[in-house]
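Fold and geometry: a report
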Amino acid sequence: MAHIVVLGAGIGGIPMAYEMKELARPEDRITVVSNSDSFQFVPSNPWVAVGWRKREDITVPLAEPFARKGIAFTPVGCRQVRPEENRLELNDGTSLDYDQLVIATGPELAFDEIEGFGPQANTISICHVDHAVEAAERWEAFCRDPGPLVIGAVQGASCFGPAYEFAMIADADLRRRKIRHKVPITFISSEPYVGHLGLGGVGDTKGLLESALRERHIKWIVNARTDRFTPDAVHVTEMDEAGREKATHVVESRLTMMLPAFRGIAALRGADGLVNPRGFVLADKHQRNPTHRNVFGVGVCIAIPPVEKTPVPVGVPKTGYMIETMVTAAARNIRSLLDGKEPVEEATWSALCLADFGDSGVAFVAMPQIPPRNVNWSSHGRWVHFAKIGFERYFLRKVRKGISEPVYERYVLKLLGVKRVQEPATGEV
């Protein structure tokens, strides 16, 4: 019998637990450790922040679906990972031993790296449902007394899509309230250009997103290093293409939402060979840690180098379907180890993304997400808005029902040529 522990119960951890349960042997045990008793669908947080969703709309209590699947659940959180001892120290003072560990924790939000940053200081956040609920209260107060609005992402950020989404959703909500004319909006980003997304662009995301910002009368500053946040302004240094200081800006703001840089959670730090200096889990092409060979990493917590050097540092996003490809590879490779075989599965890291703009949106497909790519496509239209709503309901249903990849999803994606794991090259043209 093997004890397989999944650390984290988010976009990566939930599918990992369900898929591992399907692939594990009957005698194996699966345990999920999380710092919350509920799943939150993070992609819906921009809607929560403007009052289009409530917390209960995008969260799922996990005890029942896990129990129904025969998966043990410990919602007390982890204080320290001890890979040299095959053990987790939990926040309640107990320990949990494992034979195989999958780290799917998501990130720690590095608000402390910039003066005045974070929901406890001078900005709002959409990175966690708790932050989004607080943001909704501040949004209502802002709409009663509107003024300049700043939205974007700081240096080192790797998740740019939600910043664009929130800018467009905020614009749509302000238009619905008939107060858009009272709110100058500025988009500030560490990206070298609009639509870079930490990926060097996908299809024509540069043109699509620049056009979307212009249509909505949203000004932008890119190549921007954010220096500090005050209660009424964002202090920014704009860099040139060589990374030299080009101009300084003090952008007036009555409400500010900018995405932070990420780092690994505290429980992962200090273990030799487990993480990089930023605290992200080191993983090979099989999602396996090179030092601790019974530890795997999936999702936002793993280390991925930037796709290119940029004047202001940016990270690489780990998008939803890309994470699910990691999950499938990791689950199959763990089963191989249980069977006494070496891992061979490699995730495709394909990306399917829907960015909602409140009444339209942008979609892109990147296979793989990290260039060079076999497929590099983007499109826009009102259909994306409705597709994002459908995907929200669909994913929450998967969590409630305990399904990792329904049969119809598997076949639809196969028809589109989207696969979770690599297939051997045939040499055919």
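In the annotation of an unreviewed UniProt entry, the chain is listed under the name Sulfide-quinone reductase and assigned to Azospirillum oryzae. Here the chain is described in UniProt, under the heading Subcellular location (unreviewed entry), as follows: "Membrane". Listed under Cofactor (unreviewed entry) in UniProt, the entry text for the chain is "FAD".

So, the nonpolar core
Grouped together as the largest cluster of nonpolar side chains are 118 residues, with contacts concentrated most on M16, F39, F66, L88, L101, W139 and L149. Here this core spans two domains, since at least three of its residues come from each of domain 1 (3-108 + 263-347) and domain 2 (129-262). Setting aside its immediate chain neighbours within four residues, F39 contacts A9, G10, I11, I14, I58, T59, V60, L62, F395, L396 and V399. Within the second largest apolar cluster, 13 residues are counted, among which are I221, F229, V236 and M258.

A few points about the domain arrangement of the chain
Here the chain is partitioned into domain 1 (3-108 + 263-347) and domain 2 (129-262). For domain 1 versus domain 2, the distance between C-alpha centres works out to 30 Å. Every contact between the two is made by 28 residues of domain 1 and, on the other side, 37 residues of domain 2. Among the residues domain 1 hides against domain 2, the three largest losses belong to W52, P311 and V312. Together they make up 24% of the total. Joining domain 1 to domain 2, the criterion identifies one salt bridge. Counting across the interface, domain 1 meets domain 2 through seven residue pairs in polar contact (both at pLDDT 80 or more). Residue contributions to the side of domain 1 that touches domain 2 peak at five residues, all from helix α2 (residues 45-49).

Here we look at the packing of helix α4 (residues 129-144) against helix α5 (residues 161-176)
Relative to each other, α4 and α5 sit at 45°, their axes nearing to 12 Å. As the angle between them shows, α4 and α5 are arranged oblique. Like other packed secondary-structure pairs, α4 and α5 cross with a definite hand, here right-handed. On the side of α4, the interface is formed by W139, F142 and C143, while α5 contributes A170, D173 and L174. A breakdown of the residues in the contact of α4 with α5 according to their chemical character gives five nonpolar, no polar and one charged.

What to know about the sheet that holds strand β14 (residues 224-230)
Read from one edge of the open sheet, three strands run β14-β15-β16, paired in antiparallel fashion. Of all the strands in the sheet, the pair left with one neighbour each is β14 and β16 (245-252). Taking each pair of neighbouring strands and ignoring which way they run, the sheet shows an average axis angle of 15°. Relative to strand β15 (residues 233-239), β14 runs antiparallel, the two being bridged by six bridges. The partner of T226 across the bridge, within β15, is V236.

A few points about unusual backbone geometry
With an omega of -10°, the peptide bond running from M367 to P368 counts as cis. With respect to the helices and strands, the residue P368 is situated in the loop between β21 (361-367) and β22 (375-380). Note the cis peptide between P371 and P372, where omega equals 0°. Its location among the elements puts P372 in the loop between β21 and β22.

Describing the pattern of salt bridges
One pass over the structure, following the stated rule, counts 36 salt bridges. Here D112 and R263 are joined by a salt bridge, their closest N and O atoms 2.6 Å apart. Of this pair, D112 sits in the loop between β10 (108-109) and α4 while R263 sits in strand β18 (residues 262-263), and the two are 151 residues apart along the sequence. Among the salt bridges present, the one from D145 reaches R254, with a minimum N-O distance of 3.1 Å. One end of the pair, D145, is in the loop between α4 and β11 (149-153); the other, R254, is in the loop between β16 and β17 (255-259), with 109 residues separating them in the sequence. Residue class for D145 comes out partly exposed when judged on its relative accessible area of 47%.

A look at the packing of aromatic side chains
Applying the stated criterion across every chain yields a total of twelve aromatic pairs. Cluster of aromatic residues (ring-pair linked, three or more members): F39, F41, F391, Y394 and F395. Positioned over the ring face of W52 is R176, at 4.1 Å from the centre of the ring. The ring centre of F280 lies 4.7 Å from the NZ or CZ of K318, which sits over that ring.

Brief notes about the environment of P231
In this fold, P231 is placed in the loop between β14 and β15. Take P231: its relative accessible area is 64%, and that puts it in the exposed class. Apart from the residues within four sequence positions on either side, P231 is in contact with N122 and S253.

Here we look at α5
With 16 residues, α5 extends 23 Å between its outermost C-alpha atoms, agreeing within 8% with the 22 Å of an ideal straight helix rising 1.5 Å per residue. For α5, the tally of buried residues reaches twelve of 16 residues, placing the bulk of the element in the interior. Buried within α5 are the following residues: A163, Y164, E165, F166, A167, M168, I169, A170, D171, A172, D173 and L174. A positive phi of about 65° marks K178, the residue just after α5.

What counts and what doesn't
- Residues numbered from 1 in each chain as written.
- Predicted model: local features only at pLDDT ≥ 70, side-chain atom pairs only at ≥ 80, totals over all residues.
- Heavy atoms only, no water.
- UniProt positions renumbered as here; feature names shortened; annotations may be inferred.
- Core = buried A, V, L, I, M, F, W, Y, C linked by side-chain atoms within 4.5 Å.
- Buried < 20%, exposed > 50% of the residue type's maximum accessible area, 1.4 Å probe, protein only.
- Domains from an automatic or database assignment.
- Contact = heavy atoms within 4.5 Å.
- Buried area = accessible area lost by both parts, 1.4 Å probe.
- Salt bridge = Lys/Arg side-chain N within 4 Å of Asp/Glu carboxyl O.
- Polar contact = N/O pair within 3.5 Å; in protein donor to acceptor, adjacent residues only side chain to side chain.
- Helix = DSSP H or I, 4+ residues; strand = E, 2+ residues; numbered from the N terminus.
- Axes fitted to C-alpha atoms, helices over the stretch in contact; angles between N-to-C directions.
- Parallel < 35°, antiparallel > 145°, perpendicular 65-115°, else oblique.
- Left-handed = near helix turned anticlockwise from the far one by under 90°.
- Nonpolar A, V, L, I, M, F, W, Y, C, P; charged D, E, K, R; others polar.
- Pairing = 2+ DSSP bridges.
- Phe/Tyr/Trp six-rings, centres within 6.5 Å; stacked < 30°, edge-to-face > 60°.
- Lys NZ or Arg CZ within 6 Å of the ring centre and 35° of its normal.
- Expected span 1.5 Å × (residues − 1).

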